[in-house]
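The chain contents come next:
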Amino acid sequence: MSVNTPQHIAIIMDGNGRWAQLQGLKRVKGHEAGAEIVREITTYCSKHDDIEQLTLYAFSTENWKRPKLEVEFLMKLLERYLKNELDTYMGNNIRFNPIGDLSGFSRPLLTTIEMVQEKTRHNNGLVQNLALNYGSKDEIVRAVNKLVKENSEITEESLNSALDCSSSVDLLVRTGGDRRLSNYLLWQSAYAELFFINTLWPDFSTYELETIIHQFTTIERRFGGLKS
Ligand code: IPE
Ligand code: IPE
Ligand code: MG
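Overview of the structure. Model, not experiment: these values are computed from the prediction.

## Observations concerning the site of ligand 1
The environment of ligand 1 is made up of Met13, Asp14, Gly15, Asn16, Gly17, Arg18, Arg27, His31, Ala58, Asn63, Arg66 and Leu74. A distance of 3.4 Å separates an oxygen atom of ligand 1 from a polar atom in the backbone of glycine 15. One of the backbone N or O atoms of glycine 17 is found 2.9 Å from an oxygen atom in ligand 1. Coverage of ligand 1 by the protein chains reaches 87% of its 380 Å² of free accessible surface. Sort the elements by how many residues they give to the shell around ligand 1 and helix H1 (residues 16-22) lands first, with three residues. Across the shell around ligand 1, the residue classes break down as three nonpolar, five polar and four charged.

## Focus on the side chain of serine 136
For serine 136, the position within the fold is in helix H6 (residues 136-149). The contacts of serine 136, once residues within four sequence positions are left out, are Asn183, Tyr184, Leu185, Leu186 and Trp187.

## Some words on the site of ligand 2
Lining the immediate environment of ligand 2, one finds Ile12, Met13, Asp14, Tyr57, Ala58, Phe59, Asn63, Arg66, Arg174, Arg180 and Ser182. Serine 182 places a polar side-chain atom, nitrogen or oxygen, 2.6 Å from an oxygen atom of ligand 2. Relative to its unbound accessible area of 390 Å², ligand 2 is 78% covered by the protein chains. With three residues, the top contributor of residues to the shell around ligand 2 is strand E2 (residues 53-60).

## Brief notes about the packing of aromatic side chains
Evaluation of the coordinates by the stated rule reveals eight aromatic pairs. Where tyrosine 134 meets tyrosine 184, the ring centres are 5.8 Å apart and the plane angle is 90°; that geometry is what we call edge-to-face. Placement of the pair is tyrosine 134 in strand E4 (residues 127-134) and tyrosine 184 in the loop between strand E5 (171-174) and strand E6 (193-196), with a sequence separation of 50 residues. Exposure class is identical for tyrosine 134 and tyrosine 184. Each is buried. These aromatic residues form a ring-pair network of at least three members: Tyr57, Tyr134 and Tyr184.

So, how was this worked out
Residues numbered from 1 in each chain as written. Chains lettered and ligands numbered in written order. Predicted model: local features only at pLDDT ≥ 70, side-chain atom pairs only at ≥ 80, totals over all residues. Heavy atoms only, no water. Near = heavy atom within 4 Å. Polar contact = N/O pair within 3.5 Å; in protein donor to acceptor, adjacent residues only side chain to side chain. Areas by Shrake-Rupley, 256 points an atom, 1.4 Å probe, with all protein chains shown as cover. Helix = DSSP H or I, 4+ residues; strand = E, 2+ residues; numbered from the N terminus. Nonpolar A, V, L, I, M, F, W, Y, C, P; charged D, E, K, R; others polar. Contact = heavy atoms within 4.5 Å. Phe/Tyr/Trp six-rings, centres within 6.5 Å; stacked < 30°, edge-to-face > 60°. Buried < 20%, exposed > 50% of the residue type's maximum accessible area, 1.4 Å probe, protein only.

Here's what the structure looks like:
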């Protein structure tokens, strides 16, 4: 397999609401459809030997600003998804690793998150980092505070390892047509290759991801150096 295959893929799964509205459905129907694609993409990545980590943006620190009903629906959907997908995680040797400030969630939801985390702890295939109440700025501030509390020196290495996600992103994909990072993995994406695509998340497919991965393999990554 090519050495240029991405080991860490991050995805901003955007466009669920618009996908539903385009069909005259309520926004939440888009979130339901989106959850199916999460399963497909995660399973695909777990079968791809070179992909070690898949980091998915499921709920941002800013998403609490949405109408209460939509937020409540998303919380219920997350709980349902995690319970239903335990078999997918176990059957494909996937470790579920939530990132973000989990203290923002209700006790029942936290119990489910911790249950899936615990049950998949020893799986050693793909790591699925699910970004929940995640914001890159919040993650960096929490990491700095942790180091200050421990009296640790702040270096690139110490700060990196104090983050929720310490692995640099190779390939970052945003669906839904917008070309912004929306507070996602700002530190980890310092040298990520960015792909902004118009497809709305519920229409995304393993085929499209394969095409992107193929394009990725043709890019020369210099990391500030010169052409090798
Ligand atoms: C992304 O889809 C899912 C979440 C943010 C939870 P959106 O809900 O943002 O869908 P659009 O962007 O409004 O279409
Ligand atoms: C980013 O999408 C967050 C997730 C996909 C979970 P948003 O829809 O919240 O981003 P903005 O508001 O368009 O920047
Ligand atoms: Mg959106």
